[in-house]
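Residues per chain, in single letters:
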Amino acid sequence: MLRSFHLADLFTLANGCCGTAAIFYAMDYMRRATPDRIHAAGGLIVLALVFDVIDGRIARWRHRASPMGRELDSLADVISFGVAPACLAYAVGMRTVVDQLVLLYFVACGISRLARYNITAEALSTDTGKVTHFEGTPIPTSVLLVLALVALAWAGRTGDGLPLGSVSIGGAAFHPFVLAFGLSGSLMISKTLRIPKP
């Protein structure tokens, strides 16, 4: 199987490995809450984004795009830009039941958005075979949330120190900051939001 991989696929795998390592750092932060763990996790997710951009450029440059490469890319993106950011949010303090439900919604939206892209990529492409726009925001936009979490960890604003703290509605506590993840997920699955693809 490894012989069937193209050069771009190796960068895609590096993307997924960076996301997985970021999850390891998020778990380590739960054991020993030092900001460097969150900074490392955030840096790895940004590095995953770099690999994600490189793999697409290499595939276009070498004219080696393939269904296998597209599936690999989606699976790596789910880890690096869906699961890893949600784990990071949980690690820094968004741990109530409501927080967890919102984070699960965010991940589910990311999975759904990538699945939709994979089955509609051919229909959205022009005669040249290039997809001209995204329906909904691309999942790597979650890097913005990751950078926000890194900045909050650097400022010591984790746990109850998260912006807007913790609130309770009808006996259900949650951190309002988690709603940024809910919004991000909703934008990913939007059918009407169209973003030009570079």
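What comes next concerns the included structure. Source: prediction; values computed, not measured. (Residues numbered from 1 in each chain as written. Predicted model: local features only at pLDDT ≥ 70, side-chain atom pairs only at ≥ 80, totals over all residues. Heavy atoms only, no water.)

**Section: the overall build of the protein**
Here's step 1: Each helix and strand in the protein was counted, giving 6 helices and 4 strands.
Here's step 2: If you list the helices and strands of the protein from N to C, you get α-α-α-α-β-α-β-β-α-β.
Here's step 3: Looking at the protein as a whole, 46% of its 198 residues qualify as buried.
Here's step 4: Look at the contacts in the protein between residues 6 or more apart in sequence, and 77% of them connect residues 24 or more apart.
Here's step 5: In the structure as shown, the protein presents an accessible area of about 10300 Å², 68% of it carried by carbon and sulfur atoms. (Helix = DSSP H or I, 4+ residues; strand = E, 2+ residues; numbered from the N terminus. Buried < 20%, exposed > 50% of the residue type's maximum accessible area, 1.4 Å probe, protein only. Contact = heavy atoms within 4.5 Å. Areas by Shrake-Rupley, 256 points an atom, 1.4 Å probe, with all protein chains shown as cover.)

**Topic: the pattern of salt bridges**
Here's step 1: Applying the stated criterion across every chain yields a total of 5 salt bridges.
Here's step 2: One salt bridge in this structure joins Glu135 and Lys191, with 3.4 Å as the shortest N-O distance. Of this pair, Glu135 sits in strand 1 (residues 133–135) while Lys191 sits in the loop between helix 6 (179–188) and strand 4 (194–196), placing them 56 residues apart in sequence.
Here's step 3: Judged by its relative accessible area of 7%, Glu135 is buried.
Here's step 4: Exposure remark for Lys191: the relative accessible area of 53% places this residue in the exposed category. (Salt bridge = Lys/Arg side-chain N within 4 Å of Asp/Glu carboxyl O.)

**Observations concerning a nonpolar patch on the surface**
Here's step 1: A contiguous nonpolar surface patch, about 330 Å² in accessible area, is contributed by Val97, Leu101 and Leu104.
Here's step 2: Locating Leu101 in the fold gives a position in helix 4 (residues 97–124). (Patch = residues over 30% accessible without salt bridge, like charges linked within 9 Å, V, L, I, M, F, W, Y side chains within 5 Å.)

**Quick word on the nonpolar core**
Here's step 1: In this structure, Ile45, Leu88, Met94, Leu149 and Phe181 are the most contacted members of the largest nonpolar core, which totals 39 residues.
Here's step 2: Secondary structure elements with two or more residues in this core: helix 1 (7–31), helix 2 (35–62), helix 3 (67–91), helix 4, helix 5 (143–154) and helix 6.
Here's step 3: Aside from chain neighbours lying at most four places away, what touches Met94 is Ala89, Asp99, Leu103, Leu149, Leu162, His175, Phe177, Val178 and Phe181. (Core = buried A, V, L, I, M, F, W, Y, C linked by side-chain atoms within 4.5 Å.)

Function cannot be read off these values alone, since they describe shape.
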